[in-house]
Amino acid sequence: MDLDLAKRIINELSEKDMTRSIDFHLMGEPMLHPHYAELATYVHEKGLNAVLYTNCTLLNKKNISKLVSIPLSGMVLSVQSSNAGAFINRRARNINFEDYIKGVESFVHSWINSRNRTPLSIYYMTGLQDNSPGKELIKNRQECIDILSYWRDFLHKIDPDSVEKYHFLPKVNLNNLWSQYMIYPGISVFFKYCHTWDGQMLPAGYQVRPNSRGICKEIIDRIKMSSFAILWNGETTYCCSDYDGSLELGNVSGRSIEDVYFGDKASHIRDMAEKEKIVHPTCQSCRGRVYDIKSGKKVSDYKNWNSLLLAGFGYYKAYGVYATLKKAWFYIRK
Ligand code: SF4
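Source: prediction; values computed, not measured. (Residues numbered from 1 in each chain as written. Predicted model: local features only at pLDDT ≥ 70, side-chain atom pairs only at ≥ 80, totals over all residues.)

A. Local environment of the overall build of the protein. Per the secondary structure count, the protein includes 11 helices and 10 strands. Taken over the C-alpha trace, the protein has a radius of gyration of 21 Å; the compact-globule value for 334 residues is 20 Å, and the two agree within 12%. The dimensions of the protein, computed from C-alpha atoms along their principal axes, are 55 × 50 × 40 Å. A burial count over the protein gives 25% of its 334 residues as buried. For the protein, long-range pairs separated by at least 24 residues make up 65% of all intrachain contacts whose partners lie at least 6 apart in sequence. (Helix = DSSP H or I, 4+ residues; strand = E, 2+ residues; numbered from the N terminus. Rg over C-alpha atoms; globule rule 2.2 N^0.38 Å. Buried ≥ 20, exposed ≤ 12 C-beta atoms within 10 Å, placed from the backbone. Contact = placed C-beta atoms within 7 Å.)

The following block contains the structure:
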């Protein structure tokens, strides 16, 4: 994104108090931008939080020293692969798994030495659902425990006193993946479900059947706040799943964000979403149901009943009884 456009966007968001946080990611690597550090600092100067997600392929000396010194409010190391086999699926052309992990370790080491207190989260992807692409993804609890032990041993070599405060490894519950496992003050590990970018990257043998009814918390979420995404060229959409910007809500290169957000197209999608109607084909596919083509059977979003109940409980804690019942109703209908 052009530097002037990026600064204009940040200015507007800050002046009109439209958000508290700007996340630097959208299916892209922020460190590819020549001014990412300057922009993150600018976000901070404008009184907003900057959160940076990186795929970690560019964690070289120069970037590491920038990253530990800029005022970020959060950082995510999107490692995802726990082994060389899974790493192949990332199709990183210029780096092998060993060098990749060395870059991640080197960053974590510098982060601790710099006494930077930006919360750091290391993401790993699991392959627990039937339709997970990539057989080498994490499949069981022991593999998660091995990852936590690996990081614990690594951190122990750097700062044994702090690591010993966490004298036991956190318990891993694969039925409830939406938890951060703290391994060091300010550092956590997060095991996530392998997602298919809302049905757009399904492995062979599966298909999605679109749905025109549903709930989307990215479009409307009064409790946790909905999202709004601006792509590199100024085009806008509601979420990071629509990484190509197919919703085409409007381009902020020539218009204000406010104008686009309250414009006809974005307002119509929001108004319909209020009535649980999903109008755009990308969204209908996202809210659709995945089927195994051969057997014709639906693929569950959840590993088992236990994980479904835990997810329901998490939703209830965040949104209350009425919203949970509504969500459950949509899930049953799907
Ligand atoms: S693609 Fe549409 S329905 Fe899916 S999360 Fe994004 S905005 Fe919501």
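B. Up close: the pairing of strand S5 (residues 180-184). When S5 meets strand S6 (residues 187-193), the two strands line up antiparallel, connected through four bridges. Residue pairing for S6: Tyr184 is matched across the bridge by Ile187. The loop that links S5 with its antiparallel partner S6 comprises two residues; one of these, Gly186, has a positive phi angle of about 90°. (Pairing = 2+ DSSP bridges.)

C. The nonpolar core, seen in detail. Among the nonpolar cores identified, the biggest contains 58 residues, and Phe24, Ala40, Ala50, Leu52, Tyr124, Ile183 and Val189 are the most heavily contacted of them. Setting aside its immediate chain neighbours within four residues, Leu52 contacts Phe24, Pro30, Ala40, Leu72 and Met75. (Core = buried A, V, L, I, M, F, W, Y, C linked by C-beta atoms within 7 Å.)

D. The arrangement of the sheet that holds strand S2 (residues 49-54) in detail. Reading across from one edge, S1-S2-S3-S4-S6-S5 is the order of the six strands in this open sheet, with mixed pairing throughout. Each edge of the sheet is formed by a strand with only one pairing partner; in this case those strands are strand S1 (21-24) and S5. Recorded for the sheet is a direction-independent mean angle of 25° between the axes of neighbouring strands. (Axes fitted to C-alpha atoms, helices over the stretch in contact; angles between N-to-C directions.)

E. The pairing of S2, seen in detail. Across four bridges, the pairing between S1 and S2 is parallel. Its bridge partner lying in S2, Asp23 is registered against Val51. A crossover connection joins S1 to the parallel S2 through helix H2 (residues 36-45); in handedness this β-α-β unit is right-handed. Pairing geometry for S2 and strand S3 (residues 74-80), over four bridges, is parallel. Bridge pairing in S3 places Val51 opposite Gly74. (Right-handed = clockwise from strand over helix to strand, strands pointing away.)

F. Main features of unusual backbone geometry. One non-glycine residue, Met27, adopts positive backbone phi at about 55°. Of note, the phi angle at Cys56 is positive, near 75°, even though the residue is not glycine. The residue Cys56 is located in the loop between S2 and helix H3 (61-67) in this model.

G. Inspection of the site of the ligand at higher detail. Contacts to the ligand come from 13 residues, most closely from Cys216, Tyr238, Cys239, Cys283 and Cys286. Partitioned by chemical class, the residues of the shell around the ligand number seven nonpolar, two polar and four charged. (Near = placed C-beta within 6 Å. Nonpolar A, V, L, I, M, F, W, Y, C, P; charged D, E, K, R; others polar.)

H. Examining helix H11 (residues 305-333) more closely. An ideal rise of 1.5 Å per residue puts 42 Å on 29 residues; H11 reaches only 17 Å between its terminal C-alpha atoms. At Gly320, H11 shows its largest kink, close to 130°. (Expected span 1.5 Å × (residues − 1). Bend = angle between axes of the 7 residues up to and from the residue.)

I. The arrangement of H2 in detail. All of the buried residues in H2 are Tyr36, Leu39, Ala40 and Val43. End-on, the buried residues of H2 take up no more than an arc of 100°, which puts them together on one face. Considering only its buried residues, H2 is in contact with helix H1 (3-15), S1 and S2. With its phi angle positive at about 80°, Gly47 sits one or two positions after the end of H2. (Arc of directions from axis to C-beta.)

J. Summary view of the environment of Ser82. Considering the arrangement of structural elements, one finds Ser82 in the loop between S3 and helix H4 (84-88). As for Ser82 and Tyr123, which are separated by 41 residues in sequence, their C-alpha atoms are 10.0 Å apart.

K. Summary view of the environment of Ser14. Inspection of the secondary structure assignment puts Ser14 in helix H1. Judged by the 17 C-beta atoms lying within 10 Å of it, Ser14 falls in the partly exposed class. Considering only alpha carbons, one finds Ser14 and Lys46, 32 residues apart in sequence, at a separation of 6.1 Å.

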